[in-house]
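Each chain, letter by letter, is given below.
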Amino acid sequence: MRKFQALAQAAKLFAGDSSGNFAILGGITISMLAMAAGFGVNVAQLHNVKSGLSQAVDAAVTSTARDLTTGRIKLEDADVTVRAFLEANSSRLLAPGEKVVLNKVTVDKLVGTVEASAYIDVNVFFPLFGTSNRQRVSATTASLYSDKRIEVAMMLDVTGSMKGQKIKDLKKAATNAVDSFLKGEKTPSGDPRVRMSLVPYANSVNTGTLASSSVFVERNMADRKQAPANTDAKAVSSSTRPDNCATERKGDYQYTDAGPDLSMVNRDFLIDDYSKEYDDTPTCPSAKVVPLTDDSKKLKTEIEAFVADGGTAGHIGIQWAWYTLSENWAGIFQKSERPDKADPEKVAKFAILMTDGEFNLSYADASDGKGAYNASGKTATRTAAKTLCEEMRKKGVEIFSIGFKLDTAAAKQTMKDCASPDGVVKRYFETSNGKELDAAFQTIAQNIERLALTK
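Predicted model only: the values in this text are computed from it and were never measured. (Residues numbered from 1 in each chain as written. Predicted model: local features only at pLDDT ≥ 70, side-chain atom pairs only at ≥ 80, totals over all residues. Heavy atoms only, no water.)

(A) Region of the structure containing the nonpolar core. Counting 47 residues, the largest nonpolar core has Ile318, Trp320 and Leu353 as its most contacted members. Elements with a contribution of two residues or more to this core: strand S4 (149-157), strand S5 (194-201), strand S8 (245-246), helix H7 (270-277), helix H9 (314-325), strand S11 (347-355), helix H10 (380-394) and helix H11 (409-418). Considering each element in turn, this core owes the most residues, seven residues, to H9. Not counting residues up to four positions away in its chain, the partners in contact with Trp320 are Val199, Val205, Thr207, Ser214, Val215, Ala246, Val265 and Trp329. (Core = buried A, V, L, I, M, F, W, Y, C linked by side-chain atoms within 4.5 Å. Buried < 20%, exposed > 50% of the residue type's maximum accessible area, 1.4 Å probe, protein only. Helix = DSSP H or I, 4+ residues; strand = E, 2+ residues; numbered from the N terminus. Contact = heavy atoms within 4.5 Å.)

Right under this line is the structure:
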């Protein structure tokens, strides 16, 4: 008790003498806050430099691996190429007195990799506790060089809501994407390293000359069932074919990439009723599917001719993007257009899915043309899209998706669910103008190159 009383008396005396207590405590508190703020600034600074350096080294190594893959440089030139790329692209990372130092470049001929490590001695903003004002930040990355080929299916929205500036923005962005993917992309033997397919979609997909061997025309309500195989003479000899539109597949193969030798894709009988119901909108877009090719002129000519009209049957576009990448469909394409057999060691397959709105049009679950429109919470189109995307990913196809001025949560969620999960690279993009749309396609082109050279 006496000890407690003594402590209490001392506390009263201390509290009574306030001449310097608060000044001392205030000084200590301010000093601690300053150190905490300085430490936080340093951490943020070093993190930003680390992130930027990692990206710069990664880009330098990926670019060098690509040049080795296409035969632009020889193995002995790898060191010089990485160094030159870093010097040309790292200035934005540096403060006065700093420089990027390339530690080493290692080319492993046995496994076919290029690896580089580099560092920057950073002048930190707030040296603390007597530590040096310079902190070392380092980064190491590796890429493969090989004869791996790349196949990219680009599904593009040409629906009515894309009219005006939107379709102009899409044409520019898609054309630039073709250039980024195909410019100079040949193997040392002269064969195409990268091929692209084009799948424009609206009310349906226009399959062009592919229709006769892949699309079954329903003539009446009784025909609205699983289509026969294209080996059936009755199925392919359609003298009454009104157009080359394709809608959903029906039956057991609806969510698969099984070839038309097992079941053709349907041209739903209700698409004509839908077209009449909604002001005679075209049953399918004028722009046709372009199978895999490295002919950039052909792809860009088709893109330039895009006309925006019709509804948003996005799942049908996804379906055909998958078919253009699937070896099961090789039989309907010309030799140069045929997808390679799935083999992660030899070929990387990617799909880019783009839309400006909510998927809202499906035929397979409707009983009349008006019912094909997904009004009042009907979700058939979005459910089908997500299911197709999931099955495509299971087959090894990496999916990137782009939303262009999306204004509903359902539209955003569908595109997000369709994309492969974000990881080393970003797969899902939301854009609000033409500049952002263009940037998204360019980032995807870079990310696909990176994935192809690191897997």
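(B) Highlighting the pattern of salt bridges. What the rule picks out here adds up to 21 salt bridges. One salt bridge in this structure joins Asp243 and Arg267, with 2.7 Å as the shortest N-O distance. Note that Asp243 is positioned in the loop between helix H6 (233-236) and S8 and Arg267 in strand S9 (residues 265-267), a separation of 24 residues in sequence. Its salt-bridge partner being Lys250, residue Asp268 comes within 2.6 Å of it at the nearest N-O pair. Of the two residues, Asp268 sits in the loop between S9 and H7 while Lys250 sits in the loop between S8 and S9, which places them 18 residues apart along the sequence. For Asp268, a relative accessible area of 0% puts it in the buried group. The network of salt bridges with common partners includes Glu218, Arg224, Lys250 and Asp268. (Salt bridge = Lys/Arg side-chain N within 4 Å of Asp/Glu carboxyl O.)

(C) Region of interest: the pairing of strand S12 (residues 398-404). Of all seven residues in S12, seven are buried; the element is thus mostly enclosed. Going residue by residue along S12, you find Glu398, Phe400, Ile402 and Phe404 tucked away on one face and Ile399, Ser401 and Gly403 tucked away on the opposite face as well. Here S11 pairs with S12 via six bridges, running parallel. Residue Phe350 lies in a different strand from S12, and its bridge partner there is Glu398. As defined by bridge partners, S12 adjoins strand S13 (residues 428-431) across four bridges and the pair is classed as parallel. Counterpart to Ser401 in the pairing with S13 is Tyr428. Considered for its hand, the β-α-β crossover made up of S12, H11 and S13 is right-handed. (Pairing = 2+ DSSP bridges. Right-handed = clockwise from strand over helix to strand, strands pointing away.)

(D) Quick look at unusual backbone geometry. Even without being a glycine, Lys405 presents a positive backbone phi close to 55°. Tracing the sequence through the fold places Lys405 in the loop between S12 and H11.

(E) Structural view of the environment of Ala342. Note that Ala342 resides in the loop between H9 and S11. For the pair formed by Ala342 and Leu325, sequence separation is 17 residues and the distance between their alpha carbons is 9.1 Å. Excluding its chain neighbours within four sequence positions, the residues that come into contact with Ala342 are Glu327, Val347 and Lys349.

(F) Quick peek at the packing of H10 against H11. Following both chains from N to C, one finds H10 and H11 inclined at 15°, their axes separated by 9 Å at the closest point. In terms of axis orientation, H10 runs roughly parallel to H11. Between H10 and H11 the crossing geometry is right-handed. Between H10 and H11, the contacting residues are Arg382, Ala385, Lys386, Cys389 and Arg393 on the first element and Ala410, Gln413, Thr414, Asp417 and Cys418 on the second. (Axes fitted to C-alpha atoms, helices over the stretch in contact; angles between N-to-C directions. Parallel < 35°, antiparallel > 145°, perpendicular 65-115°, else oblique. Left-handed = near helix turned anticlockwise from the far one by under 90°.)

(G) Molecular detail of the side chain of Arg382. Inspection of the secondary structure puts Arg382 in helix H10. Engagement of the side chain of Arg382 in a polar contact is seen with the backbone oxygen of Phe359, the distance being 2.9 Å. Setting aside its immediate chain neighbours within four residues, Arg382 contacts Glu358, Phe359, Ala410 and Thr414. (Polar contact = N/O pair within 3.5 Å; in protein donor to acceptor, adjacent residues only side chain to side chain.)

(H) Examining the sheet that holds strand S2 (residues 113-123) more closely. Taken in spatial order, the three strands make up an open sheet running S1-S2-S3, and their pairing is antiparallel. Edge strands, defined here as strands with exactly one partner in the open sheet, are strand S1 (100-108) and strand S3 (134-144). For this sheet, the mean inter-axis angle between neighbouring strands, taken without regard to orientation, is 15°. Here helix H3 (residues 78-89) sits on the sheet and contacts S1 and S2; the angle it forms with S1, its principal contact strand, is near 145°.

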